[in-house]
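Spelled out from the first residue to the last, the chains are:
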Amino acid sequence: MDRTQKRQFVASLGDMLAGASMLVVTHYQGLTVAQISDLRRRMRAAGATFRVAKNRLATLALSGSRFAGVAPMLKGPTALAWSADPVAVARAAVDFARTNDRLVVIGGALGARTLDAAGVRALAELPPLDTLRARILGLIAAPATRIAGTLQAPAGQLARVFGAYGKGEKGEKGEEMEGGAPQAA
């Protein structure tokens, strides 16, 4: 790469990382081209991006950004993965690393907070963002549903009592209601 290409790469990497909320740093030494292509495919399916970058250029792109704390992790053959959904990128990287021991998760950053490898794995264990949102909405809606059910319950019970009383007054075969139970005459 000449200097203009390097500047363009640093600028484009910085622009891409500006929209990300999570950055994962990995070592990819020993992965074949087919394995890296498979990893990129999995990352794209999760809504993430995986890019191999020279450490010096990545450090330049990260400097001044909220991910600047991961710069010390950029040693050796590193690749970066990022996404707007923090759980998706962490899960994709950790899942691939489980099936392929040549990909090593070094750490990452969630916004300005730097995470080690254990932090990235813990983040990968969380449910997806949509599931978390659904759970929160369910927790918010549950009290309202219970209140509505509680308010409707007495009216439903009254309707059943009146319905049973109405059936009992008609009487079948000359039966009368006495004490709430039908009896023969």
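Report follows, based on the coordinates. Predicted model, so just to flag it, every value in this text is computed and none were measured.

Notes on the pattern of salt bridges
- According to the stated counting rule, one finds 3 salt bridges in the structure shown.
- Linking Asp95 and Arg98 is a salt bridge whose minimum nitrogen-to-oxygen distance equals 3.1 Å. Residue Asp95 and its partner Arg98 are located together in helix H4 (residues 86-99), separated by 3 residues, close to a single helical turn.
- Judged by its relative accessible area of 33%, Asp95 is partly exposed.
- One salt bridge connects Glu125 with Arg98, and the closest N-O pair in it is separated by 2.5 Å. Here Glu125, found in the loop between helix H5 (117-124) and helix H6 (129-170), pairs with Arg98, found in helix H4; they are 27 residues apart in sequence, far enough to count as distant.
- Owing to a relative accessible area of 54%, Arg98 belongs among the exposed residues under this scheme.
- Taken together, the salt bridges that share partners define one network made up of Asp95, Arg98 and Glu125.

Considering the sheet that holds strand S2 (residues 49-52)
- Strand order in the open sheet formed by 5 strands is S2-S3-S1-S4-S5, with antiparallel pairing between adjacent strands. Both edges of this open sheet fall to S2 and strand S5 (113-116), since each of them pairs with a single strand only. Put simply, the sheet's adjacent strands are angled 20 degrees from each other on average, direction ignored.
- Of the strands in this sheet, strand S1 (22-27), strand S3 (78-83) and strand S4 (104-110) touch H4, which is tilted by about 15 degrees from S1.

A closer look at the nonpolar core
- Counting residues in each nonpolar core, the largest one holds 24 residues, and the members touching the most others are Met22, Val24, Met43, Phe50, Val89, Val105 and Val120.
- Counting only elements with at least two residues in this core, the list comes to S1, helix H2 (33-45), S3, H4 and H5.
- A total of 8 residues in this core trace back to one element, the largest contributor, which is H4.
- In this view, Val120 contacts Met22, Val24, Ala90, Val94, Val105, Gly107, Gly108 and Leu115; residues no more than four positions away in its chain are not counted.
- Counting 19 residues, the second-largest nonpolar core is a separate cluster that includes Ala20, Leu23, Leu62 and Val70.

About the criteria used
- Residues numbered from 1 in each chain as written.
- Predicted model: local features only at pLDDT ≥ 70, side-chain atom pairs only at ≥ 80, totals over all residues.
- Heavy atoms only, no water.
- Salt bridge = Lys/Arg side-chain N within 4 Å of Asp/Glu carboxyl O.
- Helix = DSSP H or I, 4+ residues; strand = E, 2+ residues; numbered from the N terminus.
- Buried < 20%, exposed > 50% of the residue type's maximum accessible area, 1.4 Å probe, protein only.
- Pairing = 2+ DSSP bridges.
- Axes fitted to C-alpha atoms, helices over the stretch in contact; angles between N-to-C directions.
- Contact = heavy atoms within 4.5 Å.
- Core = buried A, V, L, I, M, F, W, Y, C linked by side-chain atoms within 4.5 Å.

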